[in-house]
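# Notes for the structure review
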Amino acid sequence: AGKMACYDFDVQEILELEPAALTPELFKKATGKDLKTEDELKAHLRSTMEERLESDSRRAAESDALKKICQLASVELPETMVQRQKAHLLRRAEENVKNRTGLTLEEYYAHSGQDFEGFKSQLDTEARNDVKEYLVMDACTEKFGVNVQPEDLDKEIETMAANYHVAPESVKAMLQKKPDDLRSLISSAKYRKTLDAVMGAVKTVEVNKNAAPDAGK
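Heads up: these notes are all about the structure in this document. All figures in this text were calculated on a predicted structure; none of them were measured in a lab. (Residues numbered from 1 in each chain as written. Predicted model: local features only at pLDDT ≥ 70, side-chain atom pairs only at ≥ 80, totals over all residues. Heavy atoms only, no water.)

Below, the discussion takes up the overall build of the protein chain. Scanning the protein chain from N- to C-terminus turns up 8 helices and 0 strands. Its C-alpha atoms give the protein chain a radius of gyration of 26 Å, more than 25% over the compact-globule value 17 Å for 217 residues. A principal-axis box enclosing the C-alpha atoms of the protein chain has dimensions of 75 × 60 × 55 Å. Counting only residues that meet the buried cut, the protein chain has 18% of its 217 residues in that class. In the protein chain, the share of contacts with a sequence separation of at least 24, taken over all contacts with a separation of at least 6, comes to 63%. Only carbon and sulfur atoms are counted for the fraction: they give 51% of the accessible area of the protein chain, which is about 17,600 Å². Taking the 33 positively charged and 41 negatively charged side chains of the protein chain as two groups, their mean positions are separated by 5 Å. (Helix = DSSP H or I, 4+ residues; strand = E, 2+ residues; numbered from the N terminus. Rg over C-alpha atoms; globule rule 2.2 N^0.38 Å. Buried < 20%, exposed > 50% of the residue type's maximum accessible area, 1.4 Å probe, protein only. Contact = heavy atoms within 4.5 Å. Areas by Shrake-Rupley, 256 points an atom, 1.4 Å probe, with all protein chains shown as cover. Lys, Arg positive; Asp, Glu negative; His and termini not counted. Charge placed at Lys NZ, Arg CZ, Asp CG, Glu CD.)

In structure tokens form, the structure reads like this:
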């Protein structure tokens, strides 16, 4: 250690990176779409980015609206629901830590020097927020008369099929064998329809966060 070493080596070859040819085959491999020209690729990428930005903007607006409604709502939280949700969050954290580190949650916090009691207190707060959001959304579902129709489930199934790159019929066959997953899908469809109804009743205003505040307001 600490000594200088000298090495002799021979260069066998030098490789130069060459850009791939922009062919329909490459476009298909990169996007999964049958695009013939570079202009079609650019149009597809532009459309994808615009859709993603619009989706991100809507999700942010939905999150802000739901947080505001929950802040204004006065709801009595059943302690049994809170403790059940807290236990669920704790199990999820335990599984996450176990998969990443092989340690139990207590061992992980002991080794990292973090406050385990503080973590459990944070879980309690998170569980209460989750239960309140669930009860508020349940009340909104009733207020707006939201019902899940077969076409709503078809949309959820199509989305799931697209995400997993399988045919919708395969998803339907899987759901028939897993009633719990079907109930979860119904809940997801009801949540989405309720959130759409909430956003339809909410007035949204675009704000430039980078703009300087108006001193007169």
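Time to look at helix H6 (residues 150-164). Between its first and last C-alpha, H6 extends 21 Å over 15 residues, near the 21 Å set by a 1.5 Å rise per residue. Residues Asp152, Leu153, Glu156, Ile157 and Ala161 constitute the buried set of H6. Close packing links the buried residues of H6 with helix H7 (168-177) and helix H8 (179-200). Once H6 ends, the next one or two residues include His165, with phi positive near 55 degrees. (Expected span 1.5 Å × (residues − 1).)

On to unusual backbone geometry. The backbone of His165 shows a phi angle near 55 degrees, a positive value even though the residue is not glycine. Classification of His165 by relative accessible area gives exposed; the value is 73%.

In this section: a negative patch on the surface. The grouping of Glu94, Glu95, Glu106 and Glu107 at the surface amounts to a negative patch. At the level of secondary structure, the elements contributing two or more residues to the negative patch comprise helix H3 (79-101) and helix H4 (105-112). Looking at the secondary structure, you find Glu94 in helix H3. (Patch = residues over 30% accessible without salt bridge, like charges linked within 9 Å, V, L, I, M, F, W, Y side chains within 5 Å. Salt bridge = Lys/Arg side-chain N within 4 Å of Asp/Glu carboxyl O.)

Looking now at the nonpolar core. Core analysis: the largest hydrophobic core is formed by 12 residues, namely Val82, Leu89, Ala93, Val97, Leu105, Tyr109, Phe116, Phe119, Leu123, Ala127, Val131 and Leu135. Within the residue set of this core, elements represented by two or more residues are H3, H4 and helix H5 (116-143). Sorting elements by how many residues they give to this core places H5 first, with 6 residues. If we ignore the near neighbours within four places in the chain, the residues touching Val82 are Leu77, Asp124, Ala127, Arg128 and Val131. (Core = buried A, V, L, I, M, F, W, Y, C linked by side-chain atoms within 4.5 Å.)

Turning our eyes to something else, we now look at the environment of Thr194. Of note, Thr194 is situated in helix H8. The spatial distance from the C-alpha of Thr194 to the C-alpha of Phe144 is 7.4 Å, given a sequence separation of 50 residues. When near neighbours in sequence (up to four residues on either side) are disregarded, Thr194 contacts Met137, Cys140, Thr141 and Val146.

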